[in-house]
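Topology and contacts: notes
Chain by chain, the residues run as shown.
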Amino acid sequence: MSPSDSPDLTVDEAKARIAQLSAELRRHNRLYYEEDRPEISDAEYDALFRELQALERRFPDLVAPDSPTQSVGSRPAEKFDKYTHALPMLSLGNAMNVDELREFDQRVKRHLGMDEDADVRYVAELKFDGLAVELTYENRELVAGSTRGDGTVGELITPNLLTIDAIPRRLPDNAPDVIDLRGEVFMTKHDFAKLNERRDEEGEPTFVNPRNAAAGALRQLDASITAKRPLSIFLYGLGRAEGLDVDAHSELLKKLSSWKLSVNDKWRVCKNVDEAAAFYEEFLEGRRDLPYDIDGVVIKVDALRLQERLGVLSRTPRWATAVKFPAEQKTTVLNDIEIQVGRTGVLTPVAKLEPVFVGGVNVSNATLHNQDEIERLDVRVGDTVVVQRAGDVIPEIVEVVRDARPADTIPFSIVEAVGGKCPVCGSEIVRLEGEVAYRCTNIACPAQVVRGLIHFASKPAMNIDGLGDKLIRQVADKGLVGAPADLYRLTKDDWAGLERMADKSAQNVVDALDKSKDVALPKFLHALGIRHVGEATALALAREFGSLEKIRAASLEDLADVPDVGPIVAEAIRNFFDNPDNAKRVDDLLEVGVHPSWSSEPSEMPLAGRTFVLTGGLDAMSRPEAKDRLQKLGAKVAGSVSKKTNVVVAGEDAGSKLKKATELGIEVWDEETFLAKLKELSG
C-alpha cells in the first residue's frame, strides 16, 4: 500500500510525500526526455504519477504550479536553441485498461451534457514509442522542426529532422500558408536491428531499444550523425493551421495523406466506445506483428467542434486519452544474482534467469537495481519469479511466486555476497548516507577504469574516432592503460600489437588521439566522468567560468549558483576535484597535451550578446553551416523573429520572418552582406 492510500494521512505527511514524489518524477522526466536513458518502466512511472495525482486530489491546497501533474515532458536541453510552440504541445491522459477507457467516455459525455448511453464518435490510432516533434511550415516551406520539450518551449532541431526522407521541405500548393504538423519520430524494428549490428561490428556500444536510438539521433549537434541513423516519422496532429478546412480529426488524417505525408494507415473511425475498445483489444494481441514498436492506442473525439467544447486541462486535452498496453509477463527461475560494477563504482545486482521468451525477445538477465529493491521483492536465488519487459523494453522482476519457493532459499545480501569487498578489485565497498547504492571506493578499480575509459573516448565526451569498447578492453586487459592519460602515451606499435589491428588502423587511432587533444571545455568536463555532470551541466559550467582552472578553484557556493547545477551537483564537482587521485588524473591529461578550451568569453566574441535569425536559402553554405559560423563568433541563432532579434539574414525565397523583421524595424542582411560581415569579423 502506498502512503497516499492511508485514510489517516495528515497534511504534513501528505506534503512530505508530494515533495518526494515530485522530485522523483522530475528526475525520471529528465532521464527519459533529456538524456534518453530511463531507469524505470512506464508502468512504474505511471504508478508514481497516479499516486501524486491522488494525493493532490485529496489535498488540493498542496498542488504546486510546477508539479509534474501540471507540466508536460521536460525542459529543453541547453545545447540546442529554444523554439516556442505557437500552440502548446500537450501530453495525454492515460487509461490503463478498457474499464478506464469507458470511464474516459463517460467523462466526455458528462462534460458535453450527453446521456450516459449516447454514442460519441472517436478516432482510434496507434500510440508510437518514439519522440514527439513539430514541423512548422510558412508559405508551405519548412522553417522549423522542434521537439516537444516542456510543451511550451522545445529544442530547435531542424537540420536533424531534414535528414528524414519522409519529411518534405515543401508542402503542396493547396496546403495552408501557415501550418504546424505534429508527429512521432521512431525507428522500425528492422532498422534498429541493422543499426545495432553495424555498431557492434564497429566496436560501438549498442542501443537498448529503438526509442532511445531515435531520440539520441535527433539530439545530435551534428546532423551528419543523425543522417547515419535510419529514422522514420508518422504525422498525426496539428498546432496552428490557418485556413485549413476540416471538421473532424479523421478528415485531417485523410488531408495529410492526400498531401503525400507519412500518416500511419492503421487508424479507424469508431462510432462508439465499444468499437474503440475493440480496436485496443485487436492491437493488444497483434502488436508483435507490426514492424515498429507501439505501447498502446490513442482514442480521440473525432468532431473538432466537440474537441473545442471539451477544451484542455493544465497538461492534457479532455478529448483524448492514451490507453496503455500492460507489460507482458512470464514466469521463470532465478538461477543466480551477479554483482556488476559500473564506471562510477556502483555495484548493481543483476538477475541471471532461466531464459524465457517475453515481449518478443529471449530474456536471460534482469536488473534488480539495488539492495532496497531486493529486500522489497524478497527475491532469492532459486525463486520462481514473474518477469516483464516494462514498456516492452526493459526486463525486470516484478514479483516472486512464493508458493513455488524452495525450502532452502536464504535472503540475498549484496554485502554478504561480495564479502564487503568489490568483486573486481577487492577494495572496500561503502553505502553513502542518503543513497541506495553500494560503491567501490577504489577509483583505480579495473571495472571503473574500463567503463570510465569507454565513456572518456565516446562521442559526447572526447569523441576519439575509432577507439571503441573492444580496443579499450584489449589495452586494459594487457595492462597498458589504467587512466585516460595512458591512452595518449601508447605508440603506434602498442596499438598494432592488438588483435586485428594493422599498421594503418593503429596509425589512425594514434592520429585520432592526437586530434582529440584540442577539445572544447564542456566535452572535456563531461569526459572526466564527474558524478551528475552530463553534457548540459558541463556546458553550463564552461559558460559560467570560462576555463578549467576557474572551475577547479571555484567554491562550493559559486558552483551551486550555476544554472543546471545546484547544491548536490556542486558538492559532487567539488568532491571530484578535491580528491587527490582525480586531481592527478586531470593534471596527467594536461601534461600529455590535452588542451581544453572555451572561446565564448564576451570580450573575444565580436557577436556576443546579439541574436540572429536565418531565413531563406543561401548559395554559399547550408543553414547549419551559417548557424555554426555565427555561433563561433558568439551570436545566438534563434528560430523565430522577435523584438529581441538584432539581425535577420535573408537568403533566397525568404518568407514571413523577413516580413516580420521589416515590420519590427530589425536590421536585415542579404547573403552578400552576410558573407562580407563573416569575412570581416573572422579577421
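Keep in mind that what you see is a predicted model, and the values were worked out from it rather than measured.

Right, let's talk about the confidence of the model for the chain for a bit. For the chain, the mean per-residue pLDDT works out to 85, and 90% of the residues sit at or above 70. The least confident element of the chain is helix α24 (residues 623-632), whose mean pLDDT is 74; the most confident is strand β9 (residues 268-270), at 97. Contacts for the low-pLDDT stretch residues 73-78, under 50 throughout, to residues beyond four places or in other chains number 22 contacts.

This paragraph deals with the environment of Arg623. You can see Arg623 is positioned in helix α24. The exposure class assigned to Arg623 is partly exposed, which follows from its relative accessible area of 34%. For the pair Arg623 and Pro159, spaced 464 residues apart in sequence, the C-alpha to C-alpha distance is 8.0 Å. In this view, Arg623 contacts Leu614, Thr615 and Gly616; residues no more than four positions away in its chain are not counted.

Turning our attention to the pairing of strand β7 (residues 178-186). Here β7 lies mainly inside the structure; nine of its nine residues are buried. In the sheet, strand β4 (residues 131-138) pairs with β7 via eight bridges, with the strands oriented antiparallel. Of the residues in β7, the one forming a bridge with Ala132 is Glu184. Both β7 and strand β8 (residues 232-241) contribute to a ladder of seven bridges, which runs antiparallel. Bridge pairing in β8 places Gly183 opposite Leu235.

What follows is about the packing of aromatic side chains. In the structure shown here, the tally under the stated rule is 12 aromatic pairs. Look at Phe128 and Phe186: their rings are 6.2 Å apart centre to centre, the planes differ by 15 degrees, and that puts the pair in the stacked class. Here the residue Phe128 occupies a position in strand β3 (residues 122-128), and Phe186 occupies one in strand β7, the gap between them amounting to 58 residues. Pair check on accessibility: Phe128 and Phe186 agree, each one buried. Each ring, one from Tyr280 and one from Phe325, has its centre 5.4 Å from the other, and the planes form 40 degrees; the classification is tilted. Residue Tyr280 is located in helix α9 (residues 273-286), and its partner Phe325 is located in the loop between β11 (320-324) and β12 (329-341); the two are separated by 45 residues in the primary sequence.

The subject of this paragraph is the sheet that holds β4. Each strand in a sheet pairs with another by means of backbone hydrogen bonds, the pair being arranged parallel or else antiparallel. Across the sheet, which stays open at both edges, the four strands sit in the order β5-β4-β7-β8 with antiparallel pairing between neighbours. The open sheet terminates on both sides in strands that have one partner only, identified here as β5 (141-147) and β8. For this sheet, the mean inter-axis angle between neighbouring strands, taken without regard to orientation, is 25 degrees. Relative to the sheet, helix α8 (residues 249-258) contacts β7 and β8, its axis offset from that of β8 by approximately 120 degrees.

Rules used in this analysis
Residues numbered from 1 in each chain as written. Predicted model: local features only at pLDDT ≥ 70, side-chain atom pairs only at ≥ 80, totals over all residues. Heavy atoms only, no water. pLDDT = per-residue confidence, 0-100. Helix = DSSP H or I, 4+ residues; strand = E, 2+ residues; numbered from the N terminus. Contact = heavy atoms within 4.5 Å. Buried < 20%, exposed > 50% of the residue type's maximum accessible area, 1.4 Å probe, protein only. Pairing = 2+ DSSP bridges. Phe/Tyr/Trp six-rings, centres within 6.5 Å; stacked < 30°, edge-to-face > 60°. Axes fitted to C-alpha atoms, helices over the stretch in contact; angles between N-to-C directions.

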